[in-house]
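Listed below, chain by chain, are the residues.
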Amino acid sequence: MIALSSDTETRPSAAMRAAIAAAPVGDEQRGEDPSVNLLLERVAELLGMEAALFLPTGTMCNLISVKVHTQAGDVIVAERDAHVLRAESGGAGLVSGVITEALVASDHASAFADVDAGPASARIPGTFTAEDLRAALDRLTMMPAPYAPPASLLCVEQTHNFGGGSIWPLERLAAVSDLARTRGLRVHMDGARLLNAVVASGVPAAQWCSHVDSAWIDFTKGLGAPLGAVLAGSRAFIAQALRYKFAFGGAMRQAGIAAAGCLYALDHHVERLAEDHANASRLATGIAALSGVRLVYGMPQTNIVFFEPDRSGLSAAELARRCGERGLRMSAIGGRLRAVAHLDVSRAQVDEALAIIADALR
Ligand SMILES: *Cc1c(COP(=O)(O)O)cnc(C)c1O
């Protein structure tokens, strides 16, 4: 099976497993696991943050960050297709009692097929401008306090998953963040694939993170580790986050077993993300040349390709099913297909995938 449905389909390599087997470990809850502690130091430095926290999943990073940054009844603002709104089982509302304000970017790009995508040239899907944010905040304060719900947190996603792995331009992020802070909001970055943005853009992670109050990276996406995510922020933020890590059951024991996989990934799997980006481009170029399908967002900036059938009577789900029968797994999301390049998919397999899609369209 060619597994293009997600970059979470990576399996730990033999070398990563060896690093995991050799990991020094201790009690993580007591702060005594040397592998976890080393990982936290390295990620805090990489992101230019004061402190960091090891968590089992990225979802828990978002869950805890929203909890720390908000009070029940507050509004969190995020782009309409943000993972925190679309794909986390309502956790932010469940745990923090927040209202979510889905920001609709003026360029109307969306992973969801029922939304008009507008001209490809004008879009950086999943991102929005300071003007878009200003409009959303003005709407939220349409009524004066204390009628209006208080907005306390802006969430941005880098790269944007359902936006086809798009990258926030640094100036755009800076402008949005400045405005949010001026209006009294904190800024949180869901950086599940931040390192894809770093490798593709050449902008260091710390530079992106200098515009946000908290950020995290996932080790189970393109970095290829079996589990683990690291959340970073100020010392005060991490001290509060630690309390919720315990409260939500995210405090672990000999977690160095997992952290060793993450450390291995930092040393060996970051630069190579460029190969995934090249493979995604190759795939997108091939898809653009096929008749019967079209790219949703144009050429990918990183490792995620969204495309859709442009022939009546063939749904994305049906095309995904046909490809599945032929040995190619992709996801059908929002009426579209998503294919994600990662370290367990070779260039030759990308070419095979293209042949399978062509055959499935016949
Ligand atoms: C995968 C993902 C998450 C959740 O991370 P998990 O480690 O799977 O819990 C959050 N945000 C984005 C953008 C993601 O792609």
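Definitions and limits used
Residues numbered from 1 in each chain as written. Predicted model: local features only at pLDDT ≥ 70, side-chain atom pairs only at ≥ 80, totals over all residues. Heavy atoms only, no water. Domains from an automatic or database assignment. Contact = heavy atoms within 4.5 Å. Salt bridge = Lys/Arg side-chain N within 4 Å of Asp/Glu carboxyl O. Polar contact = N/O pair within 3.5 Å; in protein donor to acceptor, adjacent residues only side chain to side chain. Helix = DSSP H or I, 4+ residues; strand = E, 2+ residues; numbered from the N terminus. Nonpolar A, V, L, I, M, F, W, Y, C, P; charged D, E, K, R; others polar. Near = heavy atom within 4 Å. Areas by Shrake-Rupley, 256 points an atom, 1.4 Å probe, with all protein chains shown as cover. Buried < 20%, exposed > 50% of the residue type's maximum accessible area, 1.4 Å probe, protein only. Lys, Arg positive; Asp, Glu negative; His and termini not counted. Pairing = 2+ DSSP bridges. Axes fitted to C-alpha atoms, helices over the stretch in contact; angles between N-to-C directions. Core = buried A, V, L, I, M, F, W, Y, C linked by side-chain atoms within 4.5 Å. Phe/Tyr/Trp six-rings, centres within 6.5 Å; stacked < 30°, edge-to-face > 60°.

Section: the domain arrangement of the protein chain
When cut into domains, the protein chain gives domain 1 (12–268) and domain 2 (272–361). Using C-alpha coordinates to define each centre, domain 1 is positioned 26 Å away from domain 2. Contacts between the two partners involve 26 residues from domain 1, matched on the other side by 18 residues from domain 2. Across the contact surface, domain 1 and domain 2 share 0 salt bridges. One can count 5 residue pairs in polar contact (both at pLDDT 80 or more) joining domain 1 with domain 2. Sort the elements by how many residues they give to the side of domain 1 that touches domain 2 and helix α8 (residues 194–201) lands first, with 4 residues. Split by residue class, the side of domain 1 that touches domain 2 holds 13 nonpolar, 11 polar and 2 charged.

Some remarks on the site of the ligand
Around the ligand there are 14 residues in total, and Thr59, Asp190, Arg193, Asp218 and Lys221 lie nearest to it. Arg193 is positioned such that a nitrogen or oxygen atom in its side chain is 2.8 Å from an oxygen atom of the ligand. Expressed as a share of its isolated accessible area of 380 Å², the protein-covered part of the ligand is 87%.

A word on the side chain of Asp190
Here Asp190 shows up in strand β6 (residues 186–191). Notably, Asp190 is buried but unbridged: the nearest opposite-charge side chain belongs to Lys221, and the N-O separation is 6.7 Å. Here Ala192 takes part through its backbone nitrogen, which lies 3.1 Å from a polar atom of the side chain of Asp190. The contacts of Asp190, once residues within four sequence positions are left out, are Asn62, His83, Glu88, Val156, Glu157, Gln158 and Trp216.

A short note on the sheet that holds strand β13 (residues 336–340)
Taken together, the 4 strands give an open sheet; going across it, the order is β9-β10-β13-β12, and neighbouring strands pair in antiparallel fashion. Sheet topology places β9 (293–295) and β12 (331–333) at the edges, where each strand pairs with a single neighbour. Strand-to-strand, the axes of this sheet are offset by a mean angle of 35 degrees, without reference to chain direction. Sheet analysis places β9 next to strand β10 (residues 304–309), joined by 3 bridges and oriented antiparallel. Note that in β10 the partner of Val293 across the bridge is Pro309. Sitting on the sheet, helix α13 (residues 316–325) is in contact with β9, β10, β12 and β13, with an inclination near 45 degrees to β13.

Focus: the sheet that holds β6
Taken in spatial order, the 7 strands of this open sheet run β2-β8-β7-β6-β5-β3-β4, and their pairing is mixed. Both outer strands of the open sheet, β2 (51–55) and β4 (99–103), are each paired with one neighbouring strand and no more. Within this sheet the neighbouring strands show an average axis-to-axis angle of 20 degrees, counted without direction. Both β2 and strand β8 (residues 229–233) contribute to a ladder of 5 bridges, which runs antiparallel. Directly across from Ala52, in β8, lies its bridge partner Ala232.

Observations regarding the pattern of salt bridges
On inspection of all chains with the given rule, the structure shows 20 salt bridges. A salt bridge links Arg42 to Asp267, with the shortest nitrogen-to-oxygen separation between them at 2.9 Å. Of the two residues, Arg42 is situated in helix α2 (residues 34–47) and Asp267 in helix α11 (residues 256–268); the sequence distance between them amounts to 225 residues. The exposure class of Arg42 is partly exposed, given its relative accessible area of 32%.

Focus: the nonpolar core
Ranked by size, the top nonpolar core spans 62 residues in total, and within it Leu39, Leu47, Phe54, Leu133, Leu154, Trp208 and Phe219 carry the most contacts. Here this core gets 8 residues from one element, more than from any other, and that element is α11. Setting aside anything within four residues of it in sequence, one finds Trp208 in contact with Gln158, Ile167, Trp168, Pro169, Leu170, Leu173, Met189, Leu194, Val198, Ser201 and Val203. Counting residues in hydrophobic clusters, the runner-up holds 28 residues, among them Leu283, Val305, Leu354 and Leu361.

A few points about the packing of aromatic side chains
The tally for this structure, following the rule as stated, stands at 3 aromatic pairs. Summarising the aromatic geometry, the rings of Phe128 and Trp168 are spaced 4.9 Å apart at their centres and angled 85 degrees between planes, so their arrangement reads as edge-to-face. Placement of Phe128 in the loop between β4 and α6 (130–140) and of Trp168 in the loop between β5 (151–157) and α7 (170–182) is noted, with a sequence separation of 40 residues between them. For the residue pair Phe128 and Trp168, the accessibility class agrees, reading buried in each case. When the ring of Tyr244 is compared with that of Phe248, the centres are 5.6 Å apart and the planes differ by 25 degrees; the resulting orientation is stacked. Looking at Phe248, the relative accessible area reads 26%, which means it is partly exposed.

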